[in-house]
Amino acid sequence: MSNFKGEIFRNDGKYDQVIQDLYEHNNFVYVKETDQLLYYDKGVYRANAEILIREFIENKCPNKYSRHDKNEIIQHIKDQNGESIEDFIDFTQPSLCNMGNGFYDLKTLKFVEHESENNEFILIGSGDNIIRIPKHKTLSLIQHPIKFNPKAKSRIFGKWFKTVCNNDSKKMQTLLALIGNNFYRSYDYPYALFLVGGANAGKGTFFRLNINLIGLGNCASVPFEELINDKFADSE
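Below is a short write-up of the structure. Small disclaimer: the values here were computed from a predicted structure and weren't measured.

## A word on the sheet that holds strand β2 (residues 36-41)
Then, number 1: Strand order in the open sheet formed by four strands is β3-β2-β1-β4, and the pairing between neighbours is mixed. Of all strands in the sheet, those with a lone pairing partner are β3 (44-46) and β4 (82-83), marking the two edges.
Then, number 2: As paired elements, strand β1 (residues 28-31) and β2 share four bridges and run antiparallel to each other. Its bridge partner being in β2, Phe-28 is matched across the sheet by Tyr-39.
Then, number 3: Lying over the sheet, helix α2 (residues 49-60) contacts β1 and β2, oriented at roughly 70° with respect to β2.

So this is what it looks like as structure tokens:
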């Protein structure tokens, strides 16, 4: 684990207790390439951990630590929890989907709940200056806002889907494959989908369906004109 250099023990252990209190309630990761400090929240690491840390310190010890102290504490946590962006499953395991309740592997069809990950700690330091740092959970930045349920069925969706596809099995198979491909984080199969039809044909509903499955924060919406006129638009 990480990048620890022992800076926590300078200043005569001034910050030891508050840092330990933070670790008892949180799990942090510092992404070196992007200079982002993240915190773990229900199966995914989220940005802006600095805000969480400052609020925790102020609630725990009102007016005890200055802005400089808080910056020092944040730097300590960064030093102890460095990881590379290349270690995140979002980039190393494209078939592993982070769902609201666990990880589902599209290749093995196996599901592992988030709660099954143990809360393990690493002890660092010596003598009276021992700090328990929580081991990092499965490193993931992307989570879909739906829960995996192999028994789930939707008669309403099935009826609607057949209607908008005119009960054409080939169209239904194609669209279902494209929906599934949205969960596979790889560019091995690039494609473009054009939905053609009149008003109330289901184009907008299909579009919103995909956004709700993938998650609004995991999507980028770029006007077609920009893709044509701006060579950098596809990078969004």
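There's more to say after this.
## Some remarks on unusual backbone geometry
Then, number 1: Unlike most non-glycine residues, Leu-109 shows phi in positive territory, near 65°.
Then, number 2: Looking at the element boundaries, Leu-109 is found in the loop between β6 (102-105) and β7 (111-113).

## Observations regarding the nonpolar core
Where a protein is soluble and globular, its nonpolar side chains tend to be buried together.
Then, number 1: Formed by 21 residues in total, the largest nonpolar core has its most connected members in Leu-22, Phe-28, Leu-37, Ile-53, Ile-73 and Ile-77.
Then, number 2: Elements that contribute at least two residues to this core include exactly α1 (16-25), β1, β2, α2, α3 (67-80) and β9 (129-134).
Then, number 3: With sequence-adjacent residues up to four places away left out, Phe-28 is seen in contact with Leu-22, Tyr-23, Leu-37, Leu-38, Tyr-39, Tyr-45, Ala-49, Leu-52, Ile-53, Ile-77, Asn-81 and His-136.
Then, number 4: Counting residues in each nonpolar core, the second largest holds 10 residues, with Cys-97, Tyr-104, Met-172 and Leu-175 among its members.

## Points about the environment of Lys-60
Then, number 1: If you trace the backbone, Lys-60 turns up in helix α2.
Then, number 2: When its relative accessible area of 46% is taken as the criterion, Lys-60 is described as partly exposed.
Then, number 3: Linking Lys-60 and Pro-94, residues 34 residues apart in sequence, is a C-alpha distance of 40 Å.

## Some points on the pattern of salt bridges
Then, number 1: For the structure shown, the criterion picks out seven salt bridges.
Then, number 2: Across the pair Asp-69 and Lys-14 runs a salt bridge whose closest N-O atoms are separated by 3.1 Å. With Asp-69 in helix α3 and Lys-14 in the segment before α1, the pair connects residues that are 55 residues apart, well separated along the chain.
Then, number 3: Look at Lys-14 and you get partly exposed, because its relative accessible area is 44%.
Then, number 4: One salt bridge in this structure joins Glu-24 and Arg-132, with 2.8 Å as the shortest N-O distance. Separated by 108 residues along the polypeptide, Glu-24 in helix α1 and Arg-132 in strand β9 bring together distant segments of the chain.

Here is what the cut-offs are and how they apply
- Residues numbered from 1 in each chain as written.
- Predicted model: local features only at pLDDT ≥ 70, side-chain atom pairs only at ≥ 80, totals over all residues.
- Heavy atoms only, no water.
- Pairing = 2+ DSSP bridges.
- Helix = DSSP H or I, 4+ residues; strand = E, 2+ residues; numbered from the N terminus.
- Contact = heavy atoms within 4.5 Å.
- Axes fitted to C-alpha atoms, helices over the stretch in contact; angles between N-to-C directions.
- Core = buried A, V, L, I, M, F, W, Y, C linked by side-chain atoms within 4.5 Å.
- Buried < 20%, exposed > 50% of the residue type's maximum accessible area, 1.4 Å probe, protein only.
- Salt bridge = Lys/Arg side-chain N within 4 Å of Asp/Glu carboxyl O.

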